[in-house]
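Report on the structure
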Amino acid sequence: MNPVLPHSLFTDFDIDLFKAGKHFRLYEKLGAHITEVNGVKGVYFAVWAPSARSVSVVGDFNFWVQGEHQLNVRWDASGIWEGFIPGIDKGTTYKYKIQSNNGGTITEKADPFALYCEHPPHTASVIWDLDYKWKDTKWMDTRKDKNALDKPYSVYEVHLGSWKRNADGKFLTYIELADQLVSYVKETGFTHVEFMPIMEYPYDPSWGYQLVGYFAPTSRFGKPQDFMLLVDKLHQAGIGVILDWVPSHFPDDAHGLGYFDGSNLYEHPDRRKGYHPDWKSLVFNYGRNEVRSFLISNAIFWLQHYHVDGLRVDAVASMLYLDYSRKDGEWEPNIYGGRENLDTISFLKDFNEAVYASFPDVQTIAEESTSFPMVSRPTFLGGLGFGMKWMMGWMHDTLQYFAKESVYRKYHQNDITFSMTYAFTENFMLPLSHDEVVYGKHSIQGRMPGDE
């Protein structure tokens with residue numbers, strides 16, 4: 001048995017920030033980090049599992065045997081287990097085998113902070129690094145001039161799995177996309193691309209909104225450095241990159257975040273707040289400080305290490321309202337008797353403040369489909385702090401108008417003009433979204449009257 005040497009990346013200050021929900025670079029501490037201890041190369045592991053009785057790292061280096069490489073729990077009641085395993089390196093597959101205090105339940109989980117994952121349907125994490133030599137200095141130095149609220153935005157929304165396939169019907173790789181997609185977007189005159197979720201997700205035919213690897217670009221299209229190349233090439237062509245980010249819910253796949261250490265660790269323990277009836281998925285516990293640190297760290301991670309220029313935050317309305325998609329009796333009012341989720345409001349303000357404090361030249365964009373006030377107003381004025389908000393009402397009104405025969409349109413001009421009554425209450429972005437061309441809704445062109 002290889003020894004697990006005592007070693008830690010955490011300081012007492014790190015632990016205090018983590019417990020307070022104010023540690024926004026957790027990826028530098030938790031996860032698997034290639035390092036050297038006393039001249040010995042290996043990997044330092046750290047995982048948050050406060051309800052665990054024991055935690056082992058299992059992988060192809062120890063034949064997936066539980067107990068061969070056990071981590072040590074920290075003395076400070078942080079719930080963090082850590083240890084150093086010598087002799088393993090980049091490319092090694094691993095998971096955490098966690099035995100819970102709750103009746104001895106054993107879970108086998110992928111690393112929530114893994115930088116790379118096995119190609120689905122395989123589910124292990126892969127030890128990796130973020131080494132890459134960026135060539136987008138010109139863009140990064142001047143993007144504030146192209147990313148500001150008073151600059152033109154024309155965003156091309158892309159689902160990488162369906163944008164284009166090769167001759168064999170297989171996905172294009174990040175490297176192939178860095179050639180073909182970049183030239184197409186440049187030619188068509190868009191200023192930005194928005195990638196529907198590229199973080200690791202379990203199901204190939206999906207859009208990727210059920211995430212199991214929040215810190216890993218999906219291995220379907222290549223390695224992390226390959227995705228960095230794609231972003232790099234877009235920047236070199238003068239095109240900004242927005243990522244869809246999903247802090248609203250996550251799937252209950254066995255290797256994912258759900259019931260992580262045998263307890264409701266990441267999800268809210270009350271099913272009225274911790275389960276989403278529409279998507280059959282789990283909802284984060286926004287009132288738990290360590291979960292807030294996890295999510296905000298994840299947002300900062302993509303901005304820092306992948307040079308991303310904006311985050312479009314998915315399904316904000318589902319986060320804001322306690323009664324979202326719930327019938328009477330299926331939700332509980334807040335302490336003031338209202339339907340707003342106060343933990344979510346506080347979390348979103350913290351998220352936006354943290355993002356803009358570190359990256360003032362990026363944008364956060366809320367997909368918020370209700371009339372919740374001041375979504376894109378600063379937090380010091382009482383707003384949520386987003387840079388922009390999707391104008392969902394304009395989208396539905398416009399598409400409804402498009403669908404009418406031209407002879408009737410003169411009676412429905414109010415569909416086009418109505419959104420002017422509230423157009424200046426937020427910093428609106430006008431979307432024609434992926435949600436509007438699925439489930440039999442037809443393409444934008446296909447829903448218009450007449451033939452080609």
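Notes on the structure in this doc start here.

Our focus in this paragraph is the overall build of the protein. Along its length, the protein carries twelve helices and 20 strands. At 23 Å, the protein has a C-alpha radius of gyration in line with the 22 Å of a compact globule built from 452 residues. Counting only C-alpha atoms, the protein reaches 80 × 55 × 40 Å along its principal axes. For the protein, buried positions account for 53% of its 452 residues. The long-range share in the protein, meaning contacts at least 24 apart out of those at least 6 apart in sequence, stands at 71%. If you sum the accessible surface of the protein, you get close to 19,700 Å²; carbon and sulfur atoms cover 53% of it. Taken as two groups, the 43 positive and 58 negative side-chain charges of the protein have centres that lie 2 Å from each other.

Burial of strand β14 (residues 240–245) is extensive: six of the six residues sit out of reach of the surface. As paired strands, strand β11 (residues 192–195) and β14 are joined by four bridges and run parallel to one another. Its bridge partner being in β14, E194 is matched across the sheet by I242. As paired strands, β14 and strand β17 (residues 310–313) are joined by four bridges and run parallel to one another. Within the sheet, the bridge partner assigned to D244 lies in β17 and is R312.

This part takes up the environment of N427. With respect to the helices and strands, the residue N427 is situated in the loop between α12 (414–417) and β20 (428–429). Relative accessible area serves as the criterion here: at 25%, N427 is assigned to the partly exposed category. A sequence separation of 82 residues divides N427 from I345, and the C-alpha atoms of the two residues are 18 Å apart. Non-local contacts of N427, meaning those with residues more than four positions away in its chain, are made with L149, S376, R377, G387, M388 and K389.

A word on the side chain of D76. Its place among the elements puts D76 in the loop between β4 (72–73) and β5 (80–86). In this structure D76 comes out as buried when scored by relative accessible area, which is 10%. A distance of 2.8 Å separates a polar atom in the side chain of D76 from a polar atom in the side chain of R74. Of the polar contacts made by the side chain of D76, one reaches the side chain of S78; its length is 2.7 Å.

Glancing now at the packing of aromatic side chains. The final tally for this structure, using the stated rule, is 39 aromatic pairs. Ring centres of Y214 and F294 lie 5.8 Å apart, and the angle between their planes is 65°; on these two criteria the pair is classed as edge-to-face. Highlighted residues: Y214 in strand β13 (residues 213–217) and F294 in helix α7 (residues 289–305), separated in sequence by 80 residues. Exposure remark for Y214: the relative accessible area of 1% places this residue in the buried category. Among the residues examined, F294 registers a relative accessible area of 2% and is labelled buried. The residue whose ring lies beneath R271 is Y275, and the NZ or CZ to ring-centre distance is 4.1 Å. Above the face of the W390 ring, R312 is positioned so that its terminal group lies 4.3 Å from the ring centre.

The four strands are arranged β1-β2-β5-β4 in an open sheet whose pairing can be described as antiparallel. On the outer flanks of this sheet lie β1 (31–37) and β4, each paired with one strand and no other. As judged from the seven bridges shared by β1 and strand β2 (residues 40–48), these two strands associate in the antiparallel manner. Of the residues in β2, the one forming a bridge with G31 is A46.

Each neighbour pair has its own omega, and for P120 with P121 the value is 15°, a cis peptide bond. Examined against the element boundaries, P121 turns out to sit in the loop between β8 (116–117) and β9 (125–126). Positive phi is not limited to glycine here, since N38 has a value of about 55°. Structurally, N38 is set in the loop between β1 and β2. We classify N38 as exposed; its relative accessible area is 76%.

A few words on the packing of helix α4 (residues 174–188) against helix α5 (residues 224–236). Contact pair α4 / α5: the axes reach a minimum separation of 8 Å and the direction vectors enclose 15°. Judged by the inter-axis angle, α4 sits roughly parallel to α5. Both α4 and α5 take part in a crossing whose hand is right-handed. The residues of α5 that touch α4, namely those facing Y174, I175, L177, A178 and V182, are D226, F227, L229, L230, K233 and L234. For the contact of α4 with α5, the per-class residue count stands at nine nonpolar, no polar and two charged.

The next thing to look at is the sheet that holds β17. The strand order across the open sheet formed by seven strands is β10-β11-β14-β17-β18-β19-β20, and the pairing between neighbours is parallel. Each of the sheet's edge strands pairs with one partner strand only, and the pair in question is β10 (155–158) and β20. Across the face of the sheet, α7 comes into contact with β14 and β17 while running at roughly 160° to β14.

Definitions and cut-offs
- Residues numbered from 1 in each chain as written.
- Predicted model: local features only at pLDDT ≥ 70, side-chain atom pairs only at ≥ 80, totals over all residues.
- Heavy atoms only, no water.
- Helix = DSSP H or I, 4+ residues; strand = E, 2+ residues; numbered from the N terminus.
- Rg over C-alpha atoms; globule rule 2.2 N^0.38 Å.
- Buried < 20%, exposed > 50% of the residue type's maximum accessible area, 1.4 Å probe, protein only.
- Contact = heavy atoms within 4.5 Å.
- Areas by Shrake-Rupley, 256 points an atom, 1.4 Å probe, with all protein chains shown as cover.
- Lys, Arg positive; Asp, Glu negative; His and termini not counted.
- Charge placed at Lys NZ, Arg CZ, Asp CG, Glu CD.
- Pairing = 2+ DSSP bridges.
- Polar contact = N/O pair within 3.5 Å; in protein donor to acceptor, adjacent residues only side chain to side chain.
- Phe/Tyr/Trp six-rings, centres within 6.5 Å; stacked < 30°, edge-to-face > 60°.
- Lys NZ or Arg CZ within 6 Å of the ring centre and 35° of its normal.
- Axes fitted to C-alpha atoms, helices over the stretch in contact; angles between N-to-C directions.
- Parallel < 35°, antiparallel > 145°, perpendicular 65-115°, else oblique.
- Left-handed = near helix turned anticlockwise from the far one by under 90°.
- Nonpolar A, V, L, I, M, F, W, Y, C, P; charged D, E, K, R; others polar.

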